[in-house]
Amino acid sequence: MRTTNSRAYFKSAQSAIPGGVNSPVRAFRSVGGDPLFIKKAKGALLEDVDGNTFIDYVLSWGPMILGHAHPSVLNAIIKAAKQGTSYGAPCQAETELAKLIIQALPSIDQVRLVNSGTEAVMSAIRLARAYTKRDSILKFDGCYHGHADHLLVKAGSGIATLGIPDTPGVPKAFARQTMTAPFNDITATEKLIHKHGKDLAAIIVEPVAGNMGVVPPTDEFLPWLRMITKKYEILLIFDEVITGFRVHFGGAQTRYKVTPDLTCLGKIIGGGLPIGAYGGRKDIMQMIAPSGPVYQAGTLAGNPVAVAAGLETLRQLKKPGVYNNLERKSKMVAEGLGEAARHANIPYYQTRVGSMLGGFFTGAPVTNFASAKKANTDRYAKFFHGMLQQGVYLAPSQFEAMLVSTCHSNSHIGHTVSAARKVLKIL
Ligand code: KE4
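Numbers given for residues are sequential positions, taken from 1 along each chain in its written order. Owing to the predicted nature of the model, reporting of local features is limited to residues with pLDDT of at least 70; listing and counting of side-chain atom pairs is limited to 80 or more, with chain, interface and lining totals taken over all residues. The basis for every side-chain value is the complete set of non-hydrogen atoms in the structure, without hydrogens or water.

What about the layout of surface pockets?
Turning to step 1, where the next piece is worked out: Detection works on a 1 Å grid of protein atoms alone, calling trapped sets that fit a 1.4 Å probe cavities and calling open sets with protein on both sides within 12 Å along at least five of seven lines pockets, with lining residues defined by an atom within 4 Å of a point. Grid points are joined across faces, edges and corners, and a volume is the space filled by probe spheres set on the points. Its volume calculated, the second largest pocket comes out at about 610 Å³.
Turning to step 2, where the next piece is worked out: Around the second largest pocket sit 27 residues that line it, and E94, R112, L113, A301 and G302 are the ones nearest its centre.
Turning to step 3, where the next piece is worked out: A run of DSSP states H or I qualifies as a helix once it reaches four residues; a run of E qualifies as a strand once it reaches two. Both are numbered from the N-terminal end. Looking at the lining of the second largest pocket, the elements with two or more residues in it are α3 (92-104) and β4 (110-114).
Turning to step 4, where the next piece is worked out: Nonpolar residues are Ala, Val, Leu, Ile, Met, Phe, Trp, Tyr, Cys and Pro. Charged residues are Asp, Glu, Lys and Arg, and all others, Gly as well, are polar. Split by residue class, the lining of the second largest pocket holds 15 nonpolar, 9 polar and 3 charged.

Considerations on the pairing of strand β1 (residues 38-42)
A regular strand carries its side chains on alternate faces of the sheet.
Turning to step 1, where the next piece is worked out: Pairing between strands is defined by DSSP: at least two bridges between them are needed. Bridge count for β1 against strand β2 (residues 45-48) is 4 bridges, and the pairing is antiparallel. Paired with K42 across the strands is L45, a residue of β2.
Turning to step 2, where the next piece is worked out: Taken together, β1 and the strand that follows it, β2, pair antiparallel across an intervening segment of 2 residues, in which G43 is found at a positive phi of about 60 degrees.

Quick notes on the sheet that holds strand β7 (residues 200-205)
Turning to step 1, where the next piece is worked out: Taken in spatial order, the 7 strands of this open sheet run β4-β10-β9-β8-β7-β5-β6, and their pairing is mixed. Where the open sheet ends on each side, the last strands, each with one partner, are β4 and β6 (178-181). Here the average twist between neighbouring strands, direction ignored, is 20 degrees.
Turning to step 2, where the next piece is worked out: In the sheet, strand β8 (residues 235-239) pairs with strand β9 (residues 262-266) via 3 bridges, with the strands oriented parallel. Bridge pairing in β9 links I237 to L262.
Turning to step 3, where the next piece is worked out: Whether two residues are in contact is decided by their heavy atoms, any of which lying within 4.5 Å being enough. The axes used here are C-alpha line fits, helices contributing only the stretch in contact, and every angle between their N-to-C directions lies in the interval 0 to 180 degrees. Against the sheet, helix α4 (residues 117-132) touches β4, β5 (136-140), β7, β8, β9 and β10 (276-280), its axis set at about 165 degrees to β9.
Turning to step 4, where the next piece is worked out: Against the sheet, helix α8 (residues 221-231) contacts β5, β7 and β8, and its axis sits at roughly 170 degrees relative to β7.

So, empty space enclosed by the protein
Turning to step 1, where the next piece is worked out: In the structure shown here, the tally under the stated rule is 1 cavity of 30 Å³ or more.
Turning to step 2, where the next piece is worked out: Computed from the structure, the largest cavity encloses a volume of approximately 130 Å³.
Turning to step 3, where the next piece is worked out: Surrounding the largest cavity, 15 residues form its lining, Y348, G358, G359, Y380 and M402 being those nearest its centre.
Turning to step 4, where the next piece is worked out: Going through the elements one at a time, β12 (356-360) and α14 (377-389) are the ones with two or more residues in the lining of the largest cavity.
Turning to step 5, where the next piece is worked out: The residue makeup of the lining of the largest cavity, split by class, is 10 nonpolar, 4 polar and 1 charged.

Let's talk about the domain arrangement of the protein chain
Turning to step 1, where the next piece is worked out: Just so you know, the domain bounds were taken from an automatic or database domain assignment. Looking at the assigned domains, one finds that the protein chain contains domain 1 (4-69 + 320-426) and domain 2 (71-317).
Turning to step 2, where the next piece is worked out: For domain 1 and domain 2, the distance between their C-alpha centroids amounts to 25 Å.
Turning to step 3, where the next piece is worked out: Across the contact, 35 residues belong to domain 1 and 38 residues belong to domain 2.
Turning to step 4, where the next piece is worked out: Once two parts are joined, some of their accessible surface, as seen by a 1.4 Å probe, is lost; buried area is that loss totalled over both. Roughly 2,900 Å² of surface becomes buried between domain 1 and domain 2 when both sides are summed, with 69% attributable to carbon and sulfur atoms.
Turning to step 5, where the next piece is worked out: Any carboxyl oxygen of Asp or Glu within 4 Å of a side-chain nitrogen of Lys or Arg constitutes a salt bridge here. Taken together, the links from domain 1 to domain 2 amount to 0 salt bridges.
Turning to step 6, where the next piece is worked out: Side-chain atoms alone can form a polar contact between residues adjacent in sequence; in general such a contact is a pair of N or O atoms within 3.5 Å, and within protein one must be able to donate a hydrogen while the other accepts it. Our count for the contact surface shared by domain 1 and domain 2 stands at 7 residue pairs in polar contact (both at pLDDT 80 or more).
Turning to step 7, where the next piece is worked out: Every element with two or more residues in the side of domain 1 that touches domain 2 is listed here: α12 (322-343), β11 (349-353), β12 and α13 (369-372).
Turning to step 8, where the next piece is worked out: The element best represented in the side of domain 1 that touches domain 2 is β12, accounting for 4 residues.

Thoughts on the confidence of the model for the protein chain
Turning to step 1, where the next piece is worked out: For the protein chain, the mean per-residue pLDDT works out to 95, and 97% of the residues sit at or above 70.
Turning to step 2, where the next piece is worked out: Segment residues 160-165 is flagged for pLDDT under 50; beyond a separation of four residues in sequence, or across chains, it makes 14 contacts in the model. pLDDT measures the predictor's confidence residue by residue and takes values from 0 up to 100.

A short note on the packing of aromatic side chains
Turning to step 1, where the next piece is worked out: Only the six-membered ring of Trp is used, alongside the rings of Phe and Tyr, when aromatic pairs are assigned; centres must lie within 6.5 Å, and planes under 30 degrees apart are stacked while those over 60 apart are edge-to-face, with the rest tilted. Per the counting criterion, the structure on display carries 12 aromatic pairs.
Turning to step 2, where the next piece is worked out: Measuring from centroid to centroid gives 5.1 Å for F28 and F384, while their planes differ by 85 degrees, and the two rings are edge-to-face. Taken as a pair, F28 in the loop between α1 (4-16) and β1 and F384 in helix α14 lie far apart in primary sequence, 356 residues in all.
Turning to step 3, where the next piece is worked out: Exposed residues in this analysis have more than 50% of their type's maximum accessible area, buried residues have under 20%, and partly exposed residues fall in between, with area computed by a 1.4 Å probe over protein chains only. For F28, a relative accessible area of 1% corresponds to the buried category.
Turning to step 4, where the next piece is worked out: On the basis of relative accessible area, F384 is assigned to the buried category, the value being 0%.

Focus: the nonpolar core
Turning to step 1, where the next piece is worked out: Counting residues in hydrophobic clusters, the biggest one holds 65 residues, and the most contacted among them are Y57, I101, F245, L314, L317, L394 and L424.
Turning to step 2, where the next piece is worked out: With 8 residues, the top contributor of residues to this core is α12.
Turning to step 3, where the next piece is worked out: Each of two domains, domain 1 (4-69 + 320-426) and domain 2 (71-317), supplies a minimum of three residues to this core.
Turning to step 4, where the next piece is worked out: Once residues lying within four places of it in the same chain are set aside, the contact partners of F245 are I65, I101, A104, L105, G251, L265, I268, I269, L314, L317 and Y323.
Turning to step 5, where the next piece is worked out: As used here, the term nonpolar core means buried Ala, Val, Leu, Ile, Met, Phe, Trp, Tyr and Cys residues forming a set that is joined through side-chain atoms within 4.5 Å. Formed by 29 residues, the second largest nonpolar core is a distinct cluster that contains F183, I193, F238 and V258.

What follows is the structure, given as structure tokens:
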């Protein structure tokens, strides 16, 4: 596969940008080799600067659930942009998006739009601390909630990929306020809560973990979290930046019928433009300035062009049959990959929630970060590059999700499965 231009662009990027990328996981560090520079994308396909095309299962890490350059989303963006790109003043579209999110997610009475998932989580945590007048928070090992200081404690995604347990630059005092427990582990979490429950402002969880690879919750875990947080008057925050409008139009909270106190969103609700959101019970959200004392602000928060892209994306997703279609296609991908691994006699543990898929090169079940880390990441790196050669673009890290869009066709899936058969056989 020709990568002359990508290599040249990467070399030039490295002189101007740390690591040559604007987000670490894009650098292919954990799978080796140099990242491909993308020239354009359409539907389920990416085209790099050397003319190679790939079936894309990264989908910009989540937002592109309708595929790239969706015609009606592009039209919405162009139409909005022609009215001006940013006002720094309220506009009707922000209320429309807010109301659509409120209608879709049962736990949300009010919502605030921000510019990224990190900002959404950062703001939700500050709000939880103000509401409860407590300082500590609990997160789960391997879950990633963006790069706000107090959340980079045994984080997943880029941190797990880079193997940095706690990043430098985070004051010890911050890290001390953040406790961690193993995902899905009720016993360990219960012990922490019995000891520190009265100091905990919030427990934040990815209801389906998507940053240690994809690890679904056990049947008991989320209902138990809801019960125990109510008992100790701790706020339960669902970080649905990935799962929101991905695993169900109403998010994981609707799929699993567990109602958090606050929800963080991002990715899909911006249709590929910068966005984040946090929302929840009115009595909590009312504390946010200017209705209350908790400050949070943003020059481009609720940006009219990003909001237009998000609104059109959600309107498309709301159409009947979209999620059933995603379910059918995702099941085909998962079954095809599983069968290819069995055919090659390679231990492969699969996970899937809707169009969010995980695959670990290990024979043992993966239920938390410790077990996810037992997967053979060297084998994953070889699989990644083998699939790339076959025109299939997977996440350049074992600790990410494989995502399917509405544009992935039966022939895209057929090609993916036959590529996996070829690659796994020679692994
Ligand atoms: P952003 O600040 O990247 O918009 O969102 C942070 C975030 C918060 N919560 C969850 C559950 C997330 O998955 C993320 C970001 N996800 C990663 C990949 N899994 C973004 C990719 C990247 O960092 O480049």
